[in-house]
Amino acid sequence: RVVTARYNLTVGDIVYLDGGRQGGLEPGQIFSVVNPQQEVFHPTTRALFGRYYHYTGRVRVPSDQEDTAIAEIVQACDPVLVGALLQPFEPEPVPLGRTTAMRPINYPTPAEQLQDKPVILFSENELVSLFEDHVVFIDRGADDDVTPGDIYTIYRLNRPGLPPLPIGEIAILSVHKRSATARIIEALADL
């Protein structure tokens, strides 16, 4: 846990951690800074899916003591907050580029084939209209053989009797046990 007298910390700032050698900390370790946020409900079933954890940056431990440690913020995408949780940093492969063109709009997929496919659960900042480069979270993960680099087509359901419309694509960036983080790489309309 991050402990300091300042708020909204960023790259280069020094923080104190409430763990040291007794807690298993060692110089050179890198941790992801995580803030638990709101609960996420599945958009189709309305059942509680889990909790959104916002990753705001990384810290590196240059030195430690018996019960505390000093750390430097080495990466920040948002302000690092006092009281944030830490978890060991694990680098993940990131997709380098697409290998095929997006599914053509004139080659529809029958609605029946999309019944049990992944859905977008949540977006950062709870955005309603999504476009290219927005980050989203889907309801499939490592348990479902989702891997970084996978690409999924996004469909919008149509009126009964008409096929769903392919309106965009997402690329999987990182995978957790039951969910995955993705970036919208193409959008033909707002999602």
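Look up: the structure comes first, before these words.
Here the structure is a predicted model, which means the values were calculated and not measured.

(A) How the structure looks around the sheet that holds strand S8 (residues 135-138). The five strands lie next to each other as S7-S8-S11-S10-S9, forming an open sheet whose pairing is antiparallel. Of all the strands in the sheet, just strand S7 (120-123) and strand S9 (151-156) have a single pairing partner and so form its edges. For this sheet the average axis-to-axis angle between neighbouring strands, irrespective of direction, equals 40 degrees. By the bridge criterion, seven bridges tie strand S10 (residues 165-175) to strand S11 (residues 180-187) in an arrangement that is antiparallel.

(B) Examining the pairing of strand S5 (residues 69-76) more closely. The pairing of strand S2 (residues 14-17) with S5 spans four bridges and is classified as antiparallel. Looking at the pairing, Val 15 lines up with Ala 71 of S5. Two strands pair when backbone bridges link them, and strand S4 (residues 48-64) and S5 are joined in this way by six bridges, in the antiparallel orientation. Within the sheet, the bridge partner assigned to Gly 57 lies in S5 and is Ala 76. Once S4 ends, the chain turns through four residues before running back antiparallel as S5.

(C) Just the packing of aromatic side chains, in detail. What the rule picks out here adds up to three aromatic pairs. Centroid distance Phe 122 to Phe 137: 6.0 Å. Interplanar angle 45 degrees. Geometry classified as tilted. In this pair, Phe 122 is assigned in strand S7 and Phe 137 in strand S8, connecting sequence segments 15 residues apart. The burial state of Phe 122 is the same as that of Phe 137; both residues are buried. Above the face of the Phe 49 ring, Arg 178 is positioned so that its terminal group lies 4.3 Å from the ring centre.

(D) Quick look at the environment of Thr 109. Within the fold, Thr 109 resides in the loop between strand S6 (85-88) and S7. A residue is classified by how much of its surface remains accessible, and Thr 109, at 7% relative accessible area, is buried. Taking the C-alpha atoms as reference points, Thr 109 and Pro 166, separated by 57 residues in sequence, lie 8.4 Å from one another.

(E) Representation of unusual backbone geometry within the structure. Backbone geometry at Arg 46 places phi at a positive 65 degrees, although glycine is not the residue there. Since its relative accessible area comes to 61%, Arg 46 is described here as exposed. Residue Asp 145 is not a glycine yet carries a positive backbone phi of 65 degrees. Take Asp 145: it is sitting in the loop between S8 and S9. Given a relative accessible area of 64%, Asp 145 falls into the exposed group.

(F) Up close: the environment of Phe 122. Residue Phe 122 is classed as buried on the basis of its relative accessible area of 11%. When the C-alpha atoms of Phe 122 and Ile 138 are compared, they prove to be 7.2 Å apart, with 16 residues separating the residues in sequence.

(G) Examining the environment of Asp 13 more closely. Tracing the sequence through the fold places Asp 13 in the loop between strand S1 (2-3) and S2. On a C-alpha basis, the gap between Asp 13 and Val 80 in space is 9.6 Å, while along the polypeptide they are 67 residues apart. Within the structure, Asp 13 has its side chain in polar contact with the backbone nitrogen of Thr 10 (distance 3.0 Å).

(H) Quick look at the pattern of salt bridges. Evaluation of the coordinates by the stated rule reveals six salt bridges. The residue Arg 60 makes a salt bridge to Glu 72 at a minimum N-O spacing of 3.1 Å. With Arg 60 in strand S4 and Glu 72 in strand S5, the pair connects residues that are twelve residues apart, well separated along the chain. Under the relative-accessibility criterion, Arg 60 is labelled partly exposed at 30%.

Cut-off values and rules
- Residues numbered from 1 in each chain as written.
- Predicted model: local features only at pLDDT ≥ 70, side-chain atom pairs only at ≥ 80, totals over all residues.
- Heavy atoms only, no water.
- Pairing = 2+ DSSP bridges.
- Helix = DSSP H or I, 4+ residues; strand = E, 2+ residues; numbered from the N terminus.
- Axes fitted to C-alpha atoms, helices over the stretch in contact; angles between N-to-C directions.
- Phe/Tyr/Trp six-rings, centres within 6.5 Å; stacked < 30°, edge-to-face > 60°.
- Buried < 20%, exposed > 50% of the residue type's maximum accessible area, 1.4 Å probe, protein only.
- Lys NZ or Arg CZ within 6 Å of the ring centre and 35° of its normal.
- Polar contact = N/O pair within 3.5 Å; in protein donor to acceptor, adjacent residues only side chain to side chain.
- Salt bridge = Lys/Arg side-chain N within 4 Å of Asp/Glu carboxyl O.

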